[in-house]
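Residues per chain are reported as follows:
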Amino acid sequence: MNEPLGEDQDGQPVYLKDIWPSTKETAEFVRENITRDLFRSKYANVFEGDEHWKKIKVEGGLTYRWNPGSTYVQNPPYFEGITREPEAVTDIDDAHILSLFLHSITTDHISPAGSIKQDSPAGQHLIEHQVRPAEFNQYGTRRGNHNVMMRGTFANIRIKNQILENIEGGYTKHFPDGEVMPIFDAAMLYREEGVPLVVFAGKEYGTGSSRDWAAKGTKLLGVRAVIAQSFERIHRSNLVGMGVLPLVFEEGTSWETLGLKGDETVTIHGVAEGLKPRQMLEAEIRSSDGTTRTVQLTCRIDTLDELEYFNNGGILPYVLRQLAA
């Protein structure tokens, strides 16, 4: 900025400040040249599109007509069964453990954006819908289809569910039978059985990019709560925004110190009574041999606004109810 740009005809150095227009000169130019007619002429045909856009056949209507055959965009189920008033929040009773994770589980571990494997639940879903493996594309390109994305939740090939030994990838055990299967398949089986789910994790759960599908997929799998040693800030907020309860162990406590194996059931009372931000809750963990222990947890719903979102089942139902009101 302080170096001369050159010299004038008299051989004197010329600096940028010498040729840069003043604020007054810029305002005068805008006033003289930027007119209403200029905007009208430039934007008169903005919605017509090019020849390719004009060739797309559409049907009229006030709402979008979802194409049931599309494997890229589907009508998401976030508002299915929604009522004008939110239903009462319930306690979490006899939840099964979907996964036990260690530290630094990223949002890409939870909801990968990369390639879709042919033998994965998402790949099998696409094959069933006549999509060739060469045309699978990536999870990131099919984020408008919840049927693909929820099957991809916890499906990263590098994620390690500690319920299983010597197995990487998105697998778990379905209890009480102990059968090993993809996490998506187990979650859907638990849903059929009417069993709620929880996920346990270590420190910095949800670190990395603020990937919204990491929380959306968790919700759609039927996970009621994630219990961790600590959360990444944005992912914690996203979980609340999807109606999933984030809970934190007391310092020095973890699922490892408790010796959890994954076949336990978890009951969390106090949710239905009406939560408060940062409230202490108790989790009753029952082992397969019938023994129980009680663990103190901090509810990481941090603000009254977040509490409103959670009590509405998530921020999307909350906003819709606000608009309807």
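An account of the accompanying structure is given in this report. Residue positions are given per chain, counting from 1 as you read along its sequence in written order. In view of the model being predicted, local features appear only for residues whose pLDDT reaches at least 70, and side-chain atom pairs are presented and counted only at 80 or more, with totals across whole chains, interfaces and linings using the full set of residues. Where side-chain values are given, they derive from all heavy atoms of the structure, hydrogens and water being excluded.

## Some words on the overall build of the chain
The helix and strand labels rest on DSSP assignments: H or I over at least four residues marks a helix, E over at least two residues marks a strand, and numbering proceeds from the N terminus. Scanning the chain from terminus to terminus reveals 12 helices and 11 strands. Taken against the 2.2 N^0.38 rule, which gives 20 Å for 325 residues, the C-alpha radius of gyration of the chain at 27 Å runs more than 25% over that of a compact globule. For the chain, the spread of C-alpha atoms along the principal axes amounts to about 95 × 50 × 45 Å. The buried share among the 325 residues of the chain stands at 39%. Here the analysis covers contacts within the chain between residues at least 6 apart in sequence; of these, 63% occur between residues at least 24 apart. For the purpose of counting charges, residues Lys and Arg are taken to be positive, whereas Asp and Glu are taken to be negative. His and the chain ends are not included. Charge placement uses NZ in Lys and CZ in Arg. For Asp and Glu, CG and CD serve respectively. Side-chain charges of the chain comprise 34 positive and 46 negative groups, with the mean position of each set lying 5 Å from the other. The globule rule is 2.2 Å times the number of residues to the power 0.38, and the radius of gyration it is compared with is taken over C-alpha atoms. Burial classes follow relative accessibility: with a 1.4 Å probe on protein chains only, a residue under 20% of its type's maximum area counts as buried, one over 50% as exposed, and anything between as partly exposed. Whether two residues are in contact is decided by their heavy atoms: any pair within 4.5 Å suffices.

## Details of the pattern of salt bridges
A side-chain nitrogen of Lys or Arg and a carboxyl oxygen of Asp or Glu constitute a salt bridge if their distance falls within 4 Å. By the definition in use, this model includes 13 salt bridges. Among the ionic pairs, Arg-40 bridges to Asp-37, the shortest N-O distance being 3.9 Å. You can see Arg-40 and its partner Asp-37 sitting in helix α3 (residues 36-43), 3 residues apart, about one turn around the helix. Here Arg-40 matches Asp-37 in class, with each residue exposed. Note that Asp-212 and Lys-216 form a salt bridge whose closest N and O atoms lie 2.9 Å from each other. Placement of the pair is Asp-212 and Lys-216 together in helix α9 (residues 212-220), with a separation of 4 residues, close to one helical turn. Overlapping salt bridges, with partners in common, bring together Arg-236, Arg-278, Arg-300, Asp-302 and Glu-306 in one network.

## Comments concerning the sheet that holds strand β10 (residues 280-286)
Taken in spatial order, the 7 strands close into a barrel running β3-β6-β7-β8-β11-β10-β9, and their pairing is mixed. Strand-to-strand twist across the sheet, computed as the mean angle between neighbouring axes with direction ignored, equals 40°. Note: β10 against strand β11 (residues 292-299), 7 bridges, orientation antiparallel. Considered in β11, the bridge of Ala-283 is made with Val-295. Contacting β3 (92-100) and β6 (197-200), helix α8 (residues 183-192) runs over the sheet at an angle of about 170° to β3. If DSSP finds at least two bridges between two strands, the strands pair. Axis definition: a line fitted to C-alpha atoms, limited for helices to the stretch in contact. Angles are taken between N-to-C directions and run from 0 to 180 degrees.

## Overview of the pairing of β3
Across the 9 residues of β3, 7 count as buried, placing the element largely inside the fold. Two elements, β3 and strand β9 (residues 265-269), share 3 bridges in a ladder whose sense is antiparallel. Pairing of Ala-95 across the sheet is with Val-266, part of β9. The sheet contact formed by β3 and β6 spans 4 bridges and is parallel. Paired with Ile-97 across the strands is Val-198, a residue of β6.

## Some words on the environment of Phe-39
Tracing the backbone through its elements, the reader meets Phe-39 in helix α3. Residue Phe-39 is classed as partly exposed on the basis of its relative accessible area, which comes to 47%. Setting aside its immediate chain neighbours within four residues, Phe-39 contacts Ile-34 and Ala-44.

## Some thoughts on the side chain of Asn-156
Turning to its location among the elements, Asn-156 is positioned in the loop between α7 (146-152) and β4 (171-174). For Asn-156, a relative accessible area of 10% gives the class buried. There is a polar contact of 3.1 Å between the side chain of Asn-156 and the backbone oxygen of Asp-108. Polar contacts here mean pairs of N or O atoms no more than 3.5 Å apart (in protein, one a potential hydrogen donor and the other a potential acceptor; neighbouring residues in sequence count only if both atoms are side-chain atoms). A distance of 2.7 Å separates a polar side-chain atom of Asn-156 from the backbone nitrogen of Arg-158. Those residues in contact with Asn-156 that sit more than four places away from it in its chain are Asp-108, His-109, Pro-112, Gly-169 and Gly-170.

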